[in-house]
Structures are given as structure tokens and as C-alpha cells.
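As a plain string of letters, each chain reads:
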Amino acid sequence: MYWLFNSSIGRKFIMSITGTCLVLFLLFHMTMNLVLVFSTEAYDMICEFLGANWYAVVATLALAGGFAIHILYGTWLTLQNKWARGAEGYSSGNKTPTEWAAKNMYVLGLLIFLGLVVHLCNFWYKMQFAELIHSPDAIAAGSGLVIELFSKGIYVVIYLAWLWTLWFHLTHGVWSAFQTLGWNNKTWYKRVHFIAYIVATIIALGFAVCPIYFSAVHLCNGTMTLF
Ligand code: HEM
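Report follows, based on the coordinates. (Residues numbered from 1 in each chain as written. Predicted model: local features only at pLDDT ≥ 70, side-chain atom pairs only at ≥ 80, totals over all residues. Heavy atoms only, no water.)

## Structural notes on the overall build of the protein
Counting its regular elements, the protein contains 10 helices and 0 strands. Secondary structure of the protein in N-to-C order comes out as α-α-α-α-α-α-α-α-α-α. A compact globule built from 227 residues would reach a C-alpha radius of gyration of about 17 Å, and the protein, at 19 Å, matches this within 12%. For the protein, the spread of C-alpha atoms along the principal axes amounts to about 50 × 40 × 35 Å. The buried share among the 227 residues of the protein stands at 37%. Look at the contacts in the protein between residues 6 or more apart in sequence, and 73% of them connect residues 24 or more apart. Entry remark: accessible area of the protein is about 13,300 Å², with carbon and sulfur atoms responsible for 73%. Side chains of the protein give 11 positive and 8 negative charges; the mean places of these two sets differ by 26 Å. (Helix = DSSP H or I, 4+ residues; strand = E, 2+ residues; numbered from the N terminus. Rg over C-alpha atoms; globule rule 2.2 N^0.38 Å. Buried < 20%, exposed > 50% of the residue type's maximum accessible area, 1.4 Å probe, protein only. Contact = heavy atoms within 4.5 Å. Areas by Shrake-Rupley, 256 points an atom, 1.4 Å probe, with all protein chains shown as cover. Lys, Arg positive; Asp, Glu negative; His and termini not counted. Charge placed at Lys NZ, Arg CZ, Asp CG, Glu CD.)

## Some thoughts on the site of the ligand
Every one of the 24 residues lining the ligand counts as a neighbour, but H29, N33, T60, H119 and W124 are closest to it. Here H29 contributes a side-chain N or O atom positioned 2.8 Å from a nitrogen atom of the ligand. T60 is positioned such that a nitrogen or oxygen atom in its side chain is 2.7 Å from an oxygen atom of the ligand. Listing elements by their share of the shell around the ligand, those giving two or more residues are α2 (8-38), α4 (54-85), α6 (105-122), α7 (125-132), α9 (153-180) and α10 (186-221). Among the residues forming the shell around the ligand, the class breakdown is 19 nonpolar, 5 polar and no charged. (Near = heavy atom within 4 Å. Polar contact = N/O pair within 3.5 Å; in protein donor to acceptor, adjacent residues only side chain to side chain. Nonpolar A, V, L, I, M, F, W, Y, C, P; charged D, E, K, R; others polar.)

## Some points on unusual backbone geometry
At H134, a residue that is not glycine, the phi angle is positive and equals roughly 55 degrees. Secondary-structure assignment places H134 in the loop between α7 and α8 (143-149).

## Here we look at the coordination of the iron atom of the ligand
Donor atoms from the polypeptide that coordinate the iron atom of the ligand comprise H29 (NE2) and H119 (NE2), at 1.9 to 2.0 Å from the metal. Considering all 6 donor atoms around the iron atom of the ligand, the spread of angles at the metal, 88 to 179 degrees, places the coordination shape in the octahedral class. Taken together, the residues span a long stretch of sequence, with H29 in helix α2 and H119 in helix α6 at a distance of 90 residues. Of the two residues, H29 and H119, neither departs from the other in class, the shared state being buried. (Donors = N, O, S within 2.8 Å, 3.2 Å for Na, K, Ca; no water. Tetrahedral: all angles 85-135°; square planar, octahedral: opposite > 155°, others 65-115°.)

What follows is the structure, given as C-alpha cells:
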């Protein structure tokens, strides 16, 4: 167990495990969002099921723990790498997007975290949190909130920019997790890169469907505003 906390590979291992759990959460969350495009009733049923029930609260706490460990260890690893390399920085002459993402993982992670704070204020705070504190304004059905949010152009832009950042973070993150967890032989090197791109693209594009679809509906109905 000691190696997990006191070696660089141990810390990378923890990053990979928490990152993989977060990717699984993203795949679930993205699929749930796609339901909204087809049926507001079905989406609201899922939202109510995931409200302030004990199992949903336990899942939220586990998720928050996963995010916290991922961010703390990410900070630790980044600082450690910086101290080890000095002024040299991330050494790679390659200019492909993955390499760019690799060099900017921490900044990308910070931007994702900032977006997440805005996102939780937009939804979780008004839904599960409001229900937990028995607020009379608690909203159980999320469809109205999502559809209303994407009637504001500024949020459509913020969410799409956020998803773009997430895409970059995942292109390197998923690849890196595979490497750390042992899928790093020569034959699989390129394939794992490809898989990382596919996973990142499915997640980012899947999430982008809601802002794009509902802003298009608002544009057609003349209900779109900037703020
Ligand atoms: C257009 C994209 C997205 C939409 C429309 C959306 C919508 C929502 C809604 C409605 C909720 C509240 C559900 C509830 O409390 O029952 C929620 C919660 C949440 N979302 Fe998103 N989401 C999006 C993208 C993302 C992304 C990209 C991330 C992560 C990077 C994320 C992370 C979370 C987290 C951590 C929660 C709290 C989950 C919990 O209560 O356990 N979401 N989202």
C-alpha cells in the first residue's frame, strides 16, 4: 500500500483509477442527457429516481470523493513534475493535439473544474441539494431547467467551450490511464491513442447534443436570448 502514496507511479495509478471512474460517470451522465432529446418525461423520471434518495446521495458523495482525489493528486503530480524538470517543462517536439493536451493537462483540468462549479450551480444546487435541505423551491424534474438554460446564448457558448476543454483533457487522460494500467506495449500504442480519441469524442459530442439541439429549438421558436 505504501507505494500507492509514496511513489510517482503510485500517484499515477490513483489518477488512472479515479479518472476511469469519472469517465464511466461521464458516459452514464451523457447517455442520460441524450434521453432528454427524445423524451422529457423519461428524463424527468430518471432525475426523480436520482433525487435525494440515500443511494443517489451515496453515489454523489463517492463521485465528489473521486473528483477531489483526482484534482488533489493531479496537483501533486504536476508540482512534482515541475520541480523535477525545472525550467525545461514537458519535453516533446511533437505538435499533435494529444501532445498539446499532454502539456496542458493541469490547466485543462482547472478549466473543467471551474466549468463544473458553474454547472453544479446551474443544476445540482437547484435540484438534489435544494431537495436535501428541504427548500420549497427544489426542482425534481430537470428537463425544464436544462431546456431553459439553453435558451440563453451565453450558456450555450460556455457549455460548448467547456466540452471542448473536456475533449482535450480526455484525449490525453484516457490514453495515459491505459498506459499506467499496463496497456503500453508497442502494438497497442497507436490503437490506445485511437481508442482515447473515440472515447473523448463520444463523450464531448454526446454532451454537446443538448445545448445544440435545444438552442436550435429556441432559435426556431424565437425564444432565444443572449443572457
Ligand atoms: C450539456 C451538458 C450537460 C447537461 C445538460 C448536464 C445536466 C445535469 C443535470 C440536470 C444535473 C442534475 C441532476 C440531478 O441532480 O439529479 C447534473 C448533475 C451533475 N453533472 Fe451534469 N450536465 C452536463 C454535462 C456535465 C459534464 C461535462 C460534467 C463533468 C465534467 C457534469 C458533471 C455533473 C455532476 C458531477 C453532477 C452532480 C451529480 C450528482 O448529483 O451526483 N455534467 N448535470
